[in-house]
Amino acid sequence: MTTLLDPTSERRPVERPRAPRPPALAGKTIALLDISKPRGDVFLERLAALLVARGATVRRYTKPTFTKPAPADLRRQIAEDCGAVIEALAD
Amino acid sequence: MVSVAPRLPDGLVAVVKRDCPTCCLVAPVLGEIAAGGRALTVYTQDDPEFPPAVAPRIDDHELVVSWHHHIETVPTLLRVEHGVEVARTEGWSRADWEALAGVTPLGAGLPPHRPGCGSRSVDPSLTDALRARFEGDRLRARRIELGAVEDEIETAFERGWTDGLPVVPPTPARVLRMLDGTRRAPDEVVAVVPPDLVPVTVEKVAINAVMAGCKPEYLPVVLAAVEAACTDAFNMHGLLCTTFFSGPVIIVNGPIAARIGMNSGLNCLGQGNRANSTIGRALQLVIRNIGGGAPGGIDRATLGSPGKHTFCFAEDEAGSPWQPLSVERGFAAGASTVTLFAGHGPSAIVDQISRTPESLARTFAVKLRAAFHPKLVMAMGAVLVVSPEHARVFAAAGWSKARLRAELDALLMIDGAELARGAGGIDEGVPAQLAAGRKLPKFLPGDLAIVHAGGSAGMFSAIIEGWVSGARGSQLTTREVIA
């Protein structure tokens with residue numbers, strides 16, 4: 001019998017349920033996160049207009065660079081300030 | 001699994017095997033010692049009935065005692081007090097045996113000296129299995145027992161451990177041998193590997209290095225490469241998840257390159273050298289298996305590049321007219337380093353005519369200008385690999401590397417009018433407001449590295465194109481190789 005050593009992380013990630021979808025947008029504060037890709041702002045501008053028209057408040061955030069995960073402080077701030085976040089991937 | 005050395009009985013202890021003429025020779029001597037009333041315990045490695053005249057005689061064919069007490073030769077005679085070895089002699093030497101046993105005379109009819117034989121515990125055909133048995137508890141990784149009909153290579157594919165090529169099965173014996181390549185403890189954490197941000201131990205890197213086909217002496221280079229890759233500056237996370245072509249390119253400097261047989265010459269960016277081929281592969285397997293970064297998952301490359309299997313070479317320092325990359329980057333001459341660059345390629349520079357540095361620098365510049373897109377600037381880096389026949393042109397004219405870089409910087413200041421979006425009938429390019437009325441550099445300071453490598457014939461150099469450079473993307477990252 002051959003024994004092999006596991007080359008993987010042997011990680012057992014904790015599964016967390018998704019947050020419930022907000023029943024309505026009116027009165028919610030929605031974060032729009034620009035990841036600093038070209039033309040992401042075009043997409044987010046349009047979304048902002050649509051959200052405001054539905055009674056939501058929009059807050060804008062920007063990642064320092066699209067190549068790295070959002071800094072922990074930024075993620076915390078968004079979670080504290082807003083009820084939902086929309087992230088723009090674009091080019 | 002035994003890992004603690006069994007306590008030896010006090011008095012005299014002999015370790016012997018029947019398959020050793022010297023042991024057979026001294027068998028009567030052991031009888032003399034026992035008959036003289038000295039406390040004597042004999043461990044026998046092959047035949048539990050040997051030597052016939054002695055008791056107590058303990059069967060050590062499992063080699064538990066021999067392994068743990070580092071018996072290299074039989075016969076070995078020890079004196080043990082309070083469970084601790086205080087004296088040892090190997091082979092047969094009447095004077096040494098008499099002194100150690102405190103019995104005179106011994107073996108009157110024997111020659112005064114006779115060398116012993118190798119202990120079974122150091123038999124090369126057994127040591128891997130013995131290490132796995134006795135040192136296996138140094139290993140913490142989960143053990144996977146394969147069924148009798150399971151093919152170990154196919155299992156690696158089925159479990160998603162490979163880069164598409166077969167891997168060497170990571171058995172405990174192979175991993176223990178790999179760990180001999182470093183003084184670092186198996187449970188030491190080397191880095192936190194993206195994208196899953198998992199701490200990786202020396203042992204887990206060693207497992208992946210075994211799979212990649214590395215020799216133990218490559219392990220320190222692999223460890224340094226993993227450390228460098230998992231820094232914020234190098235940004236392996238972003239490099240992995242980009243739609244772009246690039247992957248980690250490893251450039252090795254210093255004496256370790258020659259010591260482990262790396263290729264810095266003929267075909268050094270190609271196939272055929274085990275160290276070049278497997279070190280880069282080991283890093284990619286760590287990213288895949290530990291970090292969880294695999295194509296189709298977090299790796300989103302549109303096309304990728306063959307260098308994502310492995311892209312690793314050494315700089316030719318001995319033949320270079322210039323300072324090595326490691327020294328330029330602040331490390332002492334003679335230090336062994338790995339430098340990681342986020343890149344892909346190579347792309348060829350052909351110039352078989354130029355014999356002046358001015359002309360050759362212009363060739364380099366026009367090719368560098370075309371990197372990524374001739375109208376894109378200040379966004380990405382490159383490594384220029386200058387071959388010996390091209391370097392000779394600069395050396396003959398007294399051009400240092402700094403001089404070449406300064407000339408290239410000047411040649412690569414490009415008129416904004418040529419770069420603007422729409423210029424030349426090409427929509428791609430620099431936004432008009434950035435380009436208007438000025439010259440822009442192709443590369444930002446620090447984004448063009450120059451190294452010397454390649455075979456002695458051929459007026460060809462190479463560009464290894466990069467990915468997003470600087471703090472926005474990936475920065476050239478160097479780590480010293482620690483044994």
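Predicted model only: the values in this text are computed from it and were never measured.

Right, let's talk about the overall build of chain A for a bit. Counting its secondary structure elements, chain A contains two helices and four strands. Mapped in sequence order, the helices and strands of chain A form the string β-β-α-β-α-β. Projected onto its principal axes, the C-alpha positions of chain A cover 65 × 30 × 20 Å. Taking as baseline every contact in chain A between residues at least 6 positions apart, the subset at least 24 positions apart corresponds to 79%.

All names here are of chain B. At their nearest, the axes of helix H4 (residues 124–134) and helix H6 (residues 172–179) sit 8 Å apart, and the two run at 90 degrees to each other. Taken together, the axes of H4 and H6 lie roughly perpendicular to each other. Contacts between H4 and H6 involve Asp128, Ala129, Arg131 and Ala132 from the former and Pro172, Ala173, Leu176 and Arg177 from the latter. A per-class count over the contact of H4 with H6 returns five nonpolar, no polar and three charged.

Paired through backbone hydrogen bonds, the strands of a sheet run either parallel or antiparallel to each other. Residues and elements named next belong to chain A. Reading across the sheet, the three strands line up as S3-S2-S4 and stay open at both edges, with parallel pairing between neighbours. The sheet is open, and its two edges are formed by strand S3 (57–62) and strand S4 (84–88), each paired on a single side. Here the strands of the sheet are splayed against their neighbours by 25 degrees on average, with no regard to which way each runs. Looking at chain direction, strand S2 (residues 29–34) and S4 are connected through five bridges and run parallel. Bridge pairing links Ala31 to Val85 in S4. Packed onto the sheet, helix H1 (residues 40–53) meets S2, S3 and S4 and runs at close to 170 degrees relative to S2. Helix H2 (residues 72–81) contacts S2, S3 and S4 of the sheet and is inclined by roughly 155 degrees relative to S2.

Opposite the 15 residues of chain A that make contact, chain B presents 31 residues. A per-class count over the side of chain A that touches chain B returns five nonpolar, six polar and four charged. With three bridges joining them, strand S1 (residues 3–5) of chain A and strand S10 (residues 143–145) of chain B adopt antiparallel strand pairing. Residue pairing across strands places A:Thr3 opposite B:Glu145, the latter belonging to S10(B).

With that settled, consider the sheet that holds strand S1 (residues 11–16) of chain B. Residues and elements named next belong to chain B. The mixed open sheet is built from five strands, whose spatial order is S3-S2-S1-S5-S6. Bordering the open sheet on either side are strand S3 (57–59) and strand S6 (84–90), each of which pairs with just one other strand. For this sheet, the mean angle separating the axes of adjacent strands, direction not counted, is 25 degrees. Across six bridges, the pairing between strand S5 (residues 76–81) and S6 is antiparallel. Bridged to Leu78 within S6 is Arg88. This element, helix H1 (residues 21–35), spans S1 and strand S2 (40–44) of the sheet and lies at about 155 degrees to S2. Most of the contacts of helix H3 (residues 94–101) go to S6, to which it runs at about 160 degrees, and overall it touches S1, S5 and S6.

Residues and elements named next belong to chain B. When you tally the buried positions in strand S16 (residues 380–386), you get seven out of seven residues, the bulk of the element. Along S16, one buried face is formed by Met380, Ala382, Leu384 and Val386 and the opposite face, lined by Gly381, Val383 and Val385, is buried too. Relative to strand S20 (residues 460–468), S16 runs antiparallel, the two sharing five bridges. When the bridges of S20 are listed, Val383 appears paired with Ile464.

Let us now look at the domain arrangement of chain B. Domain parsing of chain B yields domain 1 (11–126) and domain 2 (155–480). With centres defined by C-alpha atoms, the gap from domain 1 of chain B to domain 2 of chain B works out at 57 Å.

Quick look at the environment of B:Pro346 now. All names here are of chain B. Position of Pro346 relative to the elements: it lies in strand S15 (residues 337–350). Sequence spacing of Pro346 and Val383 is 37 residues, and the spatial spacing of their C-alpha atoms is 9.4 Å. In contact with Pro346, not counting residues within four places along its chain, are Leu269, Val385, Ala462, Ile463 and Ile464.

Further remarks concern the confidence of the model for chain B. Residues at a pLDDT of 70 or more form 99% of chain B, whose mean pLDDT is 96. For this predicted complex, the interface score ipTM comes out at 0.86, while the overall pTM is 0.88.

H6(B) sits mainly inside the fold: six of its eight residues count as buried. Those residues of H6(B) lying buried are B:Pro172, B:Arg174, B:Val175, B:Leu176, B:Met178 and B:Leu179.

All right, on to the environment of A:Lys28 then. Residues and elements named next belong to chain A. Relative to the assigned elements, Lys28 resides in the loop between S1 and S2. Judged by the 17 C-beta atoms lying within 10 Å of it, Lys28 falls in the partly exposed class. Counting along the chain gives 25 residues from Lys28 to Thr3, while the straight-line C-alpha distance between them is 56 Å. Discounting chain neighbours no more than four positions away, the residues touching Lys28 are Pro22, Ala56, Gly83 and Ala84.

Next up on the list: unusual backbone geometry. All names here are of chain B. Omega for the bond connecting Phe50 with Pro51 falls within 30 degrees of zero, at -10 degrees, which places this linkage in the cis form. Within the element layout of this structure, Pro51 appears in the loop between S2 and S3. Thr104 connects to Pro105 through a cis peptide bond whose omega is -10 degrees. Among the secondary structure elements, Pro105 is positioned in the loop between H3 and strand S8 (113–114). The phi dihedral of Leu197 falls on the positive side, at around 55 degrees, and the residue is not glycine. C-beta crowding within 10 Å serves as the criterion here: with 14 such atoms nearby, Leu197 is assigned to the partly exposed category. One non-glycine residue with positive phi stands out, namely Phe372, at about 65 degrees.

Within the largest apolar cluster, 102 residues are counted, with the highest numbers of intra-cluster contacts made by B:Ala209, B:Val221, B:Val222, B:Ala225, B:Val226 and B:Ile250. By size, the runner-up hydrophobic cluster in this structure holds 27 residues, among which are B:Val13, B:Ala14, B:Val26 and B:Leu77.

Definitions and limits used
- Residues numbered from 1 in each chain as written.
- Chains lettered and ligands numbered in written order.
- Predicted model: local features only at pLDDT ≥ 70, side-chain atom pairs only at ≥ 80, totals over all residues.
- Helix = DSSP H or I, 4+ residues; strand = E, 2+ residues; numbered from the N terminus.
- Contact = placed C-beta atoms within 7 Å.
- Axes fitted to C-alpha atoms, helices over the stretch in contact; angles between N-to-C directions.
- Parallel < 35°, antiparallel > 145°, perpendicular 65-115°, else oblique.
- Nonpolar A, V, L, I, M, F, W, Y, C, P; charged D, E, K, R; others polar.
- Pairing = 2+ DSSP bridges.
- Buried ≥ 20, exposed ≤ 12 C-beta atoms within 10 Å, placed from the backbone.
- Domains from an automatic or database assignment.
- pLDDT = per-residue confidence, 0-100.
- Core = buried A, V, L, I, M, F, W, Y, C linked by C-beta atoms within 7 Å.

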